[in-house]
Amino acid sequence: MSVHPKLTRIAKVRIDMSQVEKQGQSHLNAEWQARRGDLTASKPDMSIRPDLDSKGPTEDNKPAESVEPHEGYEQRYPPVRSLGTGGMAKVWLARQTSLQREVALKVAYSHLQPHQRLLFRAEATCTAWLEHPNIVPVYDAGDEFIVMKRIEGDTLERLLVLERLRLPDVVDVLIKVCDALAFAHSRGVIHRDVKPDNIMVGRFGEVVLMDWGLALQVETDQSGINRAPTKSAQRSLCAGTPGYMAPEMARGDSSLIGYGTDSFLVGATLYRCLTGRLPFDGSDAYEALGFSAENEWPPVLQFAAQAPPRLINLQERAMADRPDERPNINDVRSILRDWLRSANAEAEGKRCHERGSDLLRIARAAGRRSDEAYTAFSEALHYLHRAVTLCPEQVDYGMSRSDAVREFAWAAASAGEPGLARLLKRGRKQTDFDGSEAILAGINRDPVGEADEHRRLTNSLIESRNHLELLGTRVAELETALEQRTSLMGRWRLGVAILALTLAGLFLLLISR
């Protein structure tokens, strides 16, 4: 693998190749191996931080394993237990005595140089300024500590390892990360260290983008005050996390580092979510940085053949070599939202198809003449039409609906309802698998409400048929009664006629005498 010439700058940022050759593995590479070897273990922060000494991992400058909070605030925020370590600080679970609540207490290492303490303080200022639901809130800060909201949950990285999230859930998390980045970009700030380890997912679904220690102010907002370090104030811009870094980050190219850098990092995070791998996965951190500098990553389909094409396309565009070829963070968010909506439609379409197929089997088992069959056919037709509407590209959904229409029409004809049968057949011919408006007008509404409406219509048809049968029976009874009355009247008329003839005969007899 050819190494980009600008990678020589990396030697100024916590990587000394002579130390690697002498010691076999630098501190950064030790973290890299821990990162790659056991993803489920508690991992150190392996981000390359700017403006750090280039001496390598000596006893003087490597992060301490245990750092107690400095004096002056431990009374207000007594630490309870360690939550993790970072490049410049250790994070504790602490208790805020004034409000009796748990907080996250970030304490700077005591060995930090003055310019590193300025960066630590800048992280507190920048994070506090970026007030957003998806950015961790800052409650208090000082030169050596930051007090933040304690997020109860897991990092996205851990959830991916434990496979606790479906892909739509992961995309929903990334949408909220884009919300946070879009807000930061509106204020001229970029994050520069977006990765699953810096994304917290709370117990109740809240998503928070953490660790703004590498944030840069690439544009000054309307106030004219910079709340984060600027590119001109950084001695080295080669900073970030090996395995995720954009090419311009690995090369330290200040002219290209900007909003597109965060888009690249979101694309790299999406790559990790789709494949379960780092996009730049070298044998050590230096090789990973080389892959980043050359932007060499294996195609997603090499590891995830079933990955959605639209997400792969987004990942490839977001990880384009040049920042001006990448979509901005708002476009990334829109594409993710569009995919999520379609994914939900696919899931709902699948559910409706399964429910409609079940009802069709019930209708077949019930017999064509029974009321239960009529109800099942009607509901099956509703759900299958809903499935076709949501997923018109699914040919088998249309075939299932056609089967339901044909069998419903056959059942109606067998039950002596040729009008309903003709309507169903005519609707089937008109729709040709592309709609059932001739049969079910306005069916694209709420599934539960439509199911209730069709159930009422079916019951109404059944009641009407029963009323017709009762009416027929009543008409037959009336005809029988009429026949009986007609017969009685005929006999009465005959008696009257006989009586009249008798009286006439008697009258003639009297006259003749």
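Note that the coordinates shown come from a computational prediction; the quantities given were computed from them, not determined experimentally.

Turning next to the overall build of the chain. Along its length, the chain carries 14 helices and 10 strands. The buried share of the chain, reckoned over its 513 residues, is 47%.

What follows is about the packing of aromatic side chains. Under the counting rule described, the total for this entry stands at three aromatic pairs. Measuring from ring centre to ring centre gives 6.4 Å for Y77 and F145, while their planes differ by 40°; the resulting arrangement is tilted. On the criterion of sequence distance, the pair formed by Y77 in the loop between α2 (27–37) and β1 (79–85) and F145 in strand β5 (residues 145–149) is long-range, its members being 68 residues apart. Residue classification places Y77 among the buried residues on the basis of a relative accessible area of 5%. For F145, a relative accessible area of 7% puts it in the buried group. Aromatic pair Y271 and W297: ring centres 6.1 Å apart, planes at 70°, arrangement edge-to-face. Of the two residues, Y271 is situated in helix α7 (residues 259–275) and W297 in the loop between α8 (285–294) and α9 (309–318); the sequence distance between them amounts to 26 residues. We note K90 situated over the ring of W92; from NZ or CZ to the ring centre the distance is 4.9 Å. Its guanidinium or amino end placed over the ring of F303, R277 lies 4.1 Å from that ring's centre, counting from NZ or CZ.

For the rest of this paragraph, the subject is the packing of helix α5 (residues 167–186) against helix α10 (residues 329–366). Between α5 and α10, the least distance of the axes is 9 Å, while the angle of their chain directions is 155°. Classified by the angle their axes make, α5 and α10 are roughly antiparallel. Crossing hand, α5 versus α10: left-handed. Within the contact between the two elements, α5 uses L167, P168, V171, D172, L174, I175, C178, D179, L181, A182 and H185 and α10 uses I329, N330, V332, R333, L336, R337, W339 and L340.

Moving on to α10. For α10, with 38 residues, the first-to-last C-alpha span of 55 Å sits near the 56 Å given by 1.5 Å per residue. Taking the backbone nitrogen of N330 as reference, a side-chain oxygen 3.0 Å away marks N328 as the first, capping residue of α10. G367 sits one or two positions beyond α10 and adopts a positive phi of about 95°.

Let us look at α8. Spacing of three or four residues puts side chains on the same side of an α-helix, whose turn is 3.6 residues. For α8, a buried count of seven out of 10 residues is recorded, marking the element as mostly surrounded by other parts of the structure. Every buried residue belonging to α8 is among A285, A288, L289, G290, F291, S292 and A293, and all of these are buried. Between the side-chain oxygen of the N-cap and the backbone nitrogen of Y286 there are 3.2 Å, and the N-cap of α8 in question is D284. Positive backbone phi, at 55°, marks N295, one or two positions downstream of α8.

Attention shifts here to the pairing of β5. A large share of β5 lies buried, amounting to four of its five residues. Both strand β3 (residues 101–108) and β5 contribute to a ladder of five bridges, which runs antiparallel. The residue bridging V103 from the neighbouring strand is K149, located in β5. When strand β4 (residues 138–141) meets β5, the two strands line up antiparallel, connected through three bridges.

Burial of nonpolar side chains together is a common tendency in soluble globular proteins. Residues L130, L181, V189, W212 and L336 are the most contacted members of the largest nonpolar core, which totals 60 residues. Ranked by residues supplied to this core, first place goes to α5 with 12 residues.

Glancing now at the sheet that holds strand β8 (residues 199–202). In space, the three strands of this open sheet follow the order β6-β8-β9, with antiparallel pairing throughout. Looking at the sheet topology across the chains shown, the edges are occupied by β6 (153–155) and β9 (207–209). Within this sheet the neighbouring strands show an average axis-to-axis angle of 25°, counted without direction. Summarising the sheet, β8 and β9 pair through three bridges and their orientation is antiparallel. Bridge pairing in β9 links M200 to V208. Strand contacts of α5: β8 and β9, with the helix running at about 45° to β9, the strand carrying the most contacts.

Taken together, the side chains of L499, L503 and L506 make up a nonpolar region of the molecular surface, amounting to roughly 300 Å² of accessible area. Of note, L499 is situated in helix α14 (residues 447–512).

Taken residue by residue, the chain gives an average pLDDT of 77. The fraction at 70 or more is 69%. Note on residues 37–44: pLDDT is under 50 here. Beyond four places in sequence and across chains, it has 13 contacts. Across residues 429–448 the pLDDT falls below 50, and counting only partners more than four positions away or on other chains, this stretch makes 39 contacts in the model.

Bringing the sheet that holds β3 into the picture now. Pairing within the open sheet is antiparallel, and its five strands lie in the order β1-β2-β3-β5-β4. Among the strands making up the open sheet, the edge pair consists of β1 and β4. The average angle at which neighbouring strand axes cross in this sheet is 25°, direction not considered. Across eight bridges, strand β2 (residues 89–96) lies against β3 in antiparallel orientation. Residue K90 lies in a different strand from β3, and its bridge partner there is V107.

With that settled, the discussion passes to the packing of α7 against α9. One can describe the packing of α7 onto α9 by two numbers: an axis separation of 8 Å at closest approach and a directional angle of 140°. By the angle between their directions, the pair α7 and α9 is classed as oblique. As for how α7 packs across α9, the hand of that crossing is left-handed. Between α7, through S263, F264, G267, L270, Y271 and L274, and α9, the contact on the second element is made entirely by L311, L314, Q315 and A318. Here the residues of the contact of α7 with α9 sort into seven nonpolar, three polar and no charged.

With that settled, consider the side chain of T241. One can find T241 in the loop between β10 (216–217) and α6 (247–251). In this structure T241 comes out as buried when scored by relative accessible area, which is 4%. Within the structure, T241 has its side chain in polar contact with the side chain of D193 (distance 2.6 Å). At 2.9 Å, the side chain of T241 forms a polar contact with the side chain of K195.

Criteria and thresholds
- Residues numbered from 1 in each chain as written.
- Predicted model: local features only at pLDDT ≥ 70, side-chain atom pairs only at ≥ 80, totals over all residues.
- Heavy atoms only, no water.
- Helix = DSSP H or I, 4+ residues; strand = E, 2+ residues; numbered from the N terminus.
- Buried < 20%, exposed > 50% of the residue type's maximum accessible area, 1.4 Å probe, protein only.
- Phe/Tyr/Trp six-rings, centres within 6.5 Å; stacked < 30°, edge-to-face > 60°.
- Lys NZ or Arg CZ within 6 Å of the ring centre and 35° of its normal.
- Axes fitted to C-alpha atoms, helices over the stretch in contact; angles between N-to-C directions.
- Parallel < 35°, antiparallel > 145°, perpendicular 65-115°, else oblique.
- Left-handed = near helix turned anticlockwise from the far one by under 90°.
- Contact = heavy atoms within 4.5 Å.
- Expected span 1.5 Å × (residues − 1).
- Polar contact = N/O pair within 3.5 Å; in protein donor to acceptor, adjacent residues only side chain to side chain.
- Pairing = 2+ DSSP bridges.
- Core = buried A, V, L, I, M, F, W, Y, C linked by side-chain atoms within 4.5 Å.
- Patch = residues over 30% accessible without salt bridge, like charges linked within 9 Å, V, L, I, M, F, W, Y side chains within 5 Å.
- Areas by Shrake-Rupley, 256 points an atom, 1.4 Å probe, with all protein chains shown as cover.
- Salt bridge = Lys/Arg side-chain N within 4 Å of Asp/Glu carboxyl O.
- pLDDT = per-residue confidence, 0-100.
- Nonpolar A, V, L, I, M, F, W, Y, C, P; charged D, E, K, R; others polar.

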